[in-house]
Amino acid sequence: MKILVTGGAGYIGSHICVELIQAGHDVVVIDDFSNSQPEVLDHIKEITGKSVKFYEFNILNEAKTEEVFKDNELDAIIHCAAFKAVGESVSKPIEYYTNNLMTTLVVTKMMRDYHVNNIVFSSSATVYGDPKVVPLTEDCPLGETTNPYGTSKAMMERVLTDVQHAYPQMSVTLLRYFNPIGAHESGLIGENPKGIPNNLMPYIMKVATGELPCLGVFGDDYDTPDGTGVRDYIHVVDLAKGHVAAIEKYNKPGVHICNLGTGQGYSVLEIVHAFEKVNGVKVKYEIKERRPGDIATCYADPTRAKEELGWVAQKTLEDMCRDTWNFAKKH
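Residues numbered from 1 in each chain as written. Predicted model: local features only at pLDDT ≥ 70, side-chain atom pairs only at ≥ 80, totals over all residues. Heavy atoms only, no water.

Engineer: Hey, could you run me through the overall build of the protein chain in this one?
Structural biologist: Counting secondary structure elements, the protein chain contains 11 helices and 14 strands. In terms of overall dimensions, the protein chain is globule-like: its C-alpha atoms have a radius of gyration of 19 Å, near the 20 Å expected for 331 residues. With the C-alpha coordinates aligned to their principal axes, the bounding extent of the protein chain is approximately 50 × 45 × 40 Å. Residues classed as buried in the protein chain amount to 56% of the 331 residues present. A separation of at least 24 residues holds for 79% of the contacts in the protein chain among residues at least 6 apart in sequence. Surface accessibility of the protein chain: about 14000 Å² in total, with carbon and sulfur atoms responsible for 49%. Positive and negative side-chain charges of the protein chain, numbering 32 and 44 respectively, have mean locations separated by a distance of 2 Å. (Helix = DSSP H or I, 4+ residues; strand = E, 2+ residues; numbered from the N terminus. Rg over C-alpha atoms; globule rule 2.2 N^0.38 Å. Buried < 20%, exposed > 50% of the residue type's maximum accessible area, 1.4 Å probe, protein only. Contact = heavy atoms within 4.5 Å. Areas by Shrake-Rupley, 256 points an atom, 1.4 Å probe, with all protein chains shown as cover. Lys, Arg positive; Asp, Glu negative; His and termini not counted. Charge placed at Lys NZ, Arg CZ, Asp CG, Glu CD.)

Engineer: Honestly, the pairing of strand E5 (residues 118-124) in this entry has me stumped. Any pointers?
Structural biologist: Each regular strand displays side chains that alternate between the two surfaces of the sheet. Counting buried residues along E5, seven of its seven residues qualify, which places the element largely inside the surrounding structure. Both faces of E5 are covered, namely the face carrying Asn118, Val120, Ser122 and Ser124 and the face carrying Ile119, Phe121 and Ser123. In this sheet, E5 lies alongside strand E4 (residues 76-79) in parallel orientation, the contact comprising three bridges. For His79, the partnering residue across the bridge sits in E5 and is Phe121. Note that E5 and strand E6 (residues 171-177) share seven bridges and pair parallel. Looking across to E6, one finds that Ile119 is bridged to Val172. (Pairing = 2+ DSSP bridges.)

Engineer: When you look at helix H1 (residues 11-22) in this model, what are you seeing that I'm missing?
Structural biologist: Turn by turn, an α-helix covers 3.6 residues, leaving residues three or four places apart pointing in a common direction. A rise of 1.5 Å per residue sets the reference length of H1, with its 12 residues, at 16 Å; its end C-alpha atoms lie 17 Å apart and thus fit the reference within 8%. Burial within H1 is extensive, with 11 of its 12 residues counted as buried. Phi for Gly24, located one or two positions after H1, is positive at around 95 degrees. (Expected span 1.5 Å × (residues − 1).)

Engineer: Is there a simple way to explain the sheet that holds strand E1 (residues 2-6) in this structure?
Structural biologist: Across a sheet, paired strands are connected by hydrogen bonds in the backbone, their directions being either parallel or antiparallel. Within the open sheet, the seven strands sit side by side as E3-E2-E1-E4-E5-E6-E11. Their pairing is parallel. The outermost strands of the open sheet, each flanked by one partner alone, are strand E3 (53-56) and strand E11 (254-260). In this sheet, adjacent strand axes meet at a mean angle of 15 degrees when their direction is disregarded. In the packing of H1 onto the sheet, contacts are made with E1, strand E2 (26-31), E4 and E6, and the angle to E1 comes to roughly 170 degrees. Seen against the sheet, helix H8 (residues 236-249) touches E1, E4, E5, E6 and E11 and runs at an angle of roughly 160 degrees to E6. (Axes fitted to C-alpha atoms, helices over the stretch in contact; angles between N-to-C directions.)

Here is the structure:
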């Protein structure tokens, strides 16, 4: 298949591109490098031996997006282009809603006009809000989202669901990610955000390398074993493989919803200590006030992914910590 990956030079998008190419697909990428680096495209080629067809712009530019659909006979879309930092979204709601919603509307309009009927959407476990029970299944009700990032994901899910109902020949897959961390085992691609990281593992990485002085742990008074927030951390390569399974198997008309997680929750301090142990480095941290929009515990029930996609996360927390450090040392 020829597959368009929006945001394909980003952290998750680049790993998806690698797995798609290695599964025999042709890949087209749109990215504006707002939170990624051009050299990632060279690294994708280095890993796979094959280039992606690349376009540099923001999908908000509808005319340029249409050119991509005109130039390529696309079979499917994997839509990863979005702003993604929970904390930042609280302070920049206008930017988050504009970018995340409008890019989704532009993509779906082009799918309709150019008869591309298969989309896999990069959604998030944040759509469940502050869950009443864990682990989370896909049948759990969507909660009151606790930040604009999560709300934008829930809105994008609704847009895509309504579009599928209007155009019933479409296959819409909503992949609800838990917490992707780690890097490709080659050390060539990984998470290297511009500026101060908003996510835990890249922050740990930059403290361990000495680039940042100290990790802030937001809250140690949650109802969890050590008081710090518990999340389901999934290796980004496992996550990427989940997209290949979804694009190949969820190709019948309808709306398909699937969690991508491990089913295991780890606290912030467990991640810190695992990183120190696996890599033999020290990570200085200090406890800070809770962060707006955060919740105590969130982890997946990944049964549906196993039953419907034949997908199970393979990599361990140790793999995630080791591969992150390997990437850090090379970059």
